[in-house]
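Residues per chain, in single letters:
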Amino acid sequence: MANKQMTGAEMVVQALIDQGVDTVFGYPGGAVLPIYDEIFQQSKINHILVRHEQGATHAAEGYARSTGKPGVVLVTSGPGATNAVTGMTDALLDSIPMIVLTGQVPTFMIGNDAFQEADTVGITRPCSKHNWLVKDTDQLSDVIHQAFHVATSGRPGPVLIDIPKDVQFAKGTYTPKKEAHTKHYSPKVKGDIERITELAELMEKAERPILYTGGGVINSGDSATALLRELAKETGFPVTSTLMGLGAYPASGPQWLGMLGMHGLYEANMAMHDCDLMINIGARFDDRITGRVDAFSPHSKKAHIDIDPSSINKIIHVDVPIVGDVAHVLEDLLRIWKSRGRKTDKEGLAKWSKKIEEWRAKRCLSYKNSETIIKPQYALQRLEALTKDRKDRFITTEVGQHQMWAAQYLGFEEPNHWMTSGGLGTMGYGLPASVGVQVAHPDALVINVAGEASWLMNMQEMGTARQYNLPIKQFILNNERLGMVRQWQQLLHGNRYSHSWSEALPDFVVLAQAFGAKGIKCTDPSDLDDAIMEMIKFDGPVVFDCGVEKHENCYPMIPSGAPHNEMLMGEDTGEDAIGSSGAVMV
Amino acid sequence: MSPLKIKKGTSKHSAYDLKDPNGDYIERHTLACVVDNEAGVLARVIGLFSGRGYNIESLTVAEVDHEGHRSRITVVTTGTPAVIAQIKSQLERMVPVYRVHDLTEEGASVERELALFKVAGTGNDRIEALRLAEIFRANVVDSTLESFVFEMTGHSEKIDAFADLMRPLGLIEQARTGVAALSRGKE
């Protein structure tokens, strides 16, 4: 059967349908009008009109991370494309599959400095996994199918397709999905069996092992999560996770150590430092994790499972590198380890777990609570207590202290329920991400744990929430400060709070009302539970202005350039608690 | 006053570890990348080098398979062994890159560069330039009564040596292609 003739704009819609896309986040403009005209004339794809193109990209990230499917963004040329750059970079660093479709000025005007022209493929080359400028309608559908393949295979990431307006108008031949040229990009998913056997041998002898898991487990899919849980259960090895990997192993699990890294838990970081076998599963030795590289876990053998060969030996030299998809490798690892007799050093593990219990006893997340002021940690503990039983709870965050506290005090039982900007640290991520999550899960409880400064960066997306009746809950820990910046200034720059407070803040309750949402303000700890319940029960978007302690610091903390066993602890922690300085090295 | 008593400008004073863990043992490697000859592929490859702070000493690009639209990019780069390994795996994961050969590591290889030299002069200098060109097996590809254009191919060091000799004899301009390289043997 001859492949169908259609216009480029028709091809875009047809290719998206063939790829199983149900939702597109976008914003129209001159160079994408033909595509928007096609969207108008169909009903299979739901288009969500955002209020800013950056919002579209973060919403697509929230959609992608909460569903495991790629997020799709449609924006116009020039400013539409440049506004998408931050979200694409965010998706690149956090390995989120995303397809960005941009309009471009007609091919014959490219290079003329035409109205709303930008060198989109040039600008986005370093912030995409790959990108294409399509100058021929006959190639458009093939490229779109390739783009989905590239975005979702191997280590996922954002891709961009730049489509000039004349290519959208012209007719060409549609290439169906199964005939597209996708073969040459096919990253290796099966790990090397010899290496995996080597790791199984190390597991049998390890006295102080640790599973250090990351976002790669979640990207690898549900089977990877199940295999990780099986591995932990069968071996009894303790599990820690990066910020991106939270939920892969349940927070209620007996071997859970909590998050590791700069603001990770004492027991997790100490176990990383003192272990004799570190098994990195889908994490990348990020500098927020390693601290001082030459003092990183000095006595351990290290294995690293990663689908991206460039992640291996980039920062930390490992003894057993395994290139492959987490699910495939864990399946082989479990099979090999079981067939060798399911051996572990039981005596060593018992001692190790006793040591870990000693570290746990430090209760590193303790803080001094207050009767009169809401402590941010308390607010999150209450939010956790009042929402943790809801299996359909999704959390997004902005970036800063509140993000770290959320990672510390909220527990995640399942993957894909925690959406945060890890690698890029994009303030303004959380609100649009919560929009994307709620679009994908209309009946779920979607809460964006925010700081007031981050939240203001993309607050226009409240309009999107209102338009589509998305009942997102914006839980703003309002300290009237750029809390993390202020903390660093206090600890490292002599209390000189250079531009780190938020003056002239809006009245968030009135602001919520202006957007047609509900506003709640709470500043008294004794009112907090009722206020949180009011937020949860309200059927519609809510902006919750939670006035919290202004100068609270986020602990534990590994100062940069320090190893894992030199953490700063909060003043209420453990027996050797601290004097008036508010913090000590331990 | 900082409660941590941390010296300004040290790692602990910064948001990042300021110590370079890579050390200073630098190697020179010749890498050959076979890539799809698609729009922007060269920008993608050299953008990787500039974006990640890698060095390029020489770069040669041309389509080598016109039917399959494959190009060969030969890059001479320097870095610590860890950086060289990173460069290779960063190149290998790019979508239009088929293969990356590290010719320095994969056994013996031949490296050649083509250069053109314009040498202007008269009298003894001119005679000496021609005599040296013969020793170096450079060809004269253009001649006037007051100038020569020499063409030579060879290892980059040989070309450097010839350029050094020509300089006092009236070298006024030179053009070099950068290194092209292949592994020795039938593989």
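Residues numbered from 1 in each chain as written. Chains lettered and ligands numbered in written order. Predicted model: local features only at pLDDT ≥ 70, side-chain atom pairs only at ≥ 80, totals over all residues. Heavy atoms only, no water.

Participant: Honestly, the confidence of the model for chain A in this entry has me stumped. Any pointers?
Facilitator: Predicted coordinates in areas of low pLDDT are best not read in detail. Mean pLDDT over chain A stands at 95; residues scoring 70 or higher make up 97%. The model gives residues 574-586 of chain A a pLDDT under 50, and that stretch makes 26 contacts with residues more than four places away or in other chains. (pLDDT = per-residue confidence, 0-100. Contact = heavy atoms within 4.5 Å.)

Participant: Is there a simple way to think about a nonpolar patch on the surface in this case?
Facilitator: Residue and element names in this part refer to chain B. A cluster of nonpolar residues, Leu 42, Ile 46, Ile 56 and Val 61, forms a patch on the protein surface that exposes about 260 Å² of accessible area. With respect to the helices, strands and loops of the structure, Val 61 is situated in strand β2 (residues 58-65). The partly exposed category is assigned to Val 61, whose relative accessible area is 38%. (Patch = residues over 30% accessible without salt bridge, like charges linked within 9 Å, V, L, I, M, F, W, Y side chains within 5 Å. Areas by Shrake-Rupley, 256 points an atom, 1.4 Å probe, with all protein chains shown as cover. Salt bridge = Lys/Arg side-chain N within 4 Å of Asp/Glu carboxyl O. Helix = DSSP H or I, 4+ residues; strand = E, 2+ residues; numbered from the N terminus. Buried < 20%, exposed > 50% of the residue type's maximum accessible area, 1.4 Å probe, protein only.)

Participant: Explanation requested: unusual backbone geometry in the structure shown.
Facilitator: Glycine aside, residues mostly have negative phi angles, and peptide bonds mostly take the trans form. All names here are of chain A. With an omega of -5°, the peptide bond between Tyr 555 and Pro 556 qualifies as cis. Considering the arrangement of structural elements, one finds Pro 556 in the loop between β20 (542-547) and β21 (568-569). The backbone of Phe 285 shows a phi angle near 50°, a positive value even though the residue is not glycine. Tracing the sequence through the fold places Phe 285 in the loop between β12 (277-281) and α13 (287-290). Despite not being glycine, Asn 469 shows a phi value in the positive range, around 50°. Taking the relative accessible area as the measure of exposure, Asn 469 reaches 52% and is therefore exposed.

Participant: Where do I start with the pattern of salt bridges in this structure?
Facilitator: Oppositely charged side chains are able to pair whenever their charged atoms sit close together. Counted under the stated rule, the structure contains 31 salt bridges over all chains. Of the charged contacts, one joins Arg167(B) and Asp164(B) as a salt bridge, the two residues approaching to 2.9 Å between their closest N and O atoms. Given the relative accessible area of 44%, Arg167(B) is considered partly exposed. Members of the salt-bridge network, linked through shared partners, are Arg155(A), Asp308(A) and Arg93(B).

Participant: Is there a simple way to explain the pairing of strand β1 (residues 27-36) of chain B in this structure?
Facilitator: Look at any regular strand and the pattern is simple: side chains alternate between the two faces of the sheet. Residue and element names in this part refer to chain B. Counted residue by residue, β1 has 8 buried out of 10 residues, so it is predominantly covered. Bridging between β1 and strand β4 (residues 97-102) involves 5 bridges; their strand directions are antiparallel. Residue pairing across strands places Leu 31 opposite Asp 102, the latter belonging to β4. (Pairing = 2+ DSSP bridges.)

Participant: I'm lost on the nonpolar core in this one. Help?
Facilitator: Side chains that are nonpolar tend, in soluble globular proteins, to be buried together. All names here are of chain A. Judged by nonpolar contacts, the single largest core of 106 residues is most densely connected at Ile 281, Leu 380, Phe 475 and Phe 544. No other element matches helix α14 (residues 326-339), which puts 8 residues into this core. Ignoring any residue separated from it by four or fewer positions in sequence, one finds Leu 380 in contact with His 402, Trp 405, Ala 406, Tyr 409, Leu 410, Val 449, Phe 475 and Leu 477. (Core = buried A, V, L, I, M, F, W, Y, C linked by side-chain atoms within 4.5 Å.)

Participant: Before we go on, may I ask you to explain helix α1 (residues 41-51) of chain B in this structure?
Facilitator: Along an α-helix, a turn takes 3.6 residues, which lines up residues three or four apart on a common side. All names here are of chain B. All of the buried residues in α1 are Val 41, Arg 44, Val 45, Leu 48 and Phe 49. Taken down its axis, α1 places every buried residue within 135° of arc, on the same side. In α1, the exposed residues that point more than 90 degrees away from the buried face are Ser 50 and Gly 51. Positive backbone phi, at 75°, marks Gly 53, one or two positions downstream of α1. (Arc of directions from axis to C-beta.)

Participant: How should the environment of Thr396(A) be read in this particular structure?
Facilitator: Residues and elements named next belong to chain A. With respect to the helices, strands and loops of the structure, Thr 396 is situated in strand β15 (residues 393-397). Accessibility expressed as a relative area gives 0% for Thr 396, which makes it buried. Residues Thr 396 and Ser 434, spaced 38 residues apart in sequence, show a C-alpha to C-alpha distance of 5.9 Å. Not counting chain neighbours up to four residues away, the residues in contact with Thr 396 comprise Met 419, Gly 430, Ala 433, Ser 434, Val 437, Ile 447, Asn 448 and Val 449. A polar contact of 3.1 Å, which involves the side chain of Thr 396, links it to the side chain of Asn 448. (Polar contact = N/O pair within 3.5 Å; in protein donor to acceptor, adjacent residues only side chain to side chain.)

Participant: How should the packing of aromatic side chains be read in this particular structure?
Facilitator: Both the distance between ring centres and the angle between the ring planes are used here to describe each pair of aromatic rings. A full pass over the atoms with the stated rule returns 14 aromatic pairs over all chains. Aromatic side chains Phe285(A) and Phe296(A) sit 5.7 Å apart centroid to centroid with 85° between the ring planes, which places their arrangement in the edge-to-face category. You can see Phe285(A) sitting in the loop between β12 and α13 and its partner Phe296(A) sitting in the loop between α13 and β13 (301-306), a full 11 residues away along the chain. Exposure class is identical for Phe285(A) and Phe296(A). Each is buried. A centroid spacing of 5.3 Å and a plane angle of 35° characterise the contact between Phe148(B) and Phe150(B), whose relative ring orientation is tilted. Taking the relative accessible area as the measure of exposure, Phe150(B) reaches 0% and is therefore buried. Three or more aromatic residues link up through ring pairs in this structure, and these residues are Phe117(B), Phe136(B), Phe148(B), Phe150(B) and Phe162(B). The ring centre of Phe148(B) lies 4.2 Å from the NZ or CZ of Arg126(B), which sits over that ring. (Phe/Tyr/Trp six-rings, centres within 6.5 Å; stacked < 30°, edge-to-face > 60°. Lys NZ or Arg CZ within 6 Å of the ring centre and 35° of its normal.)

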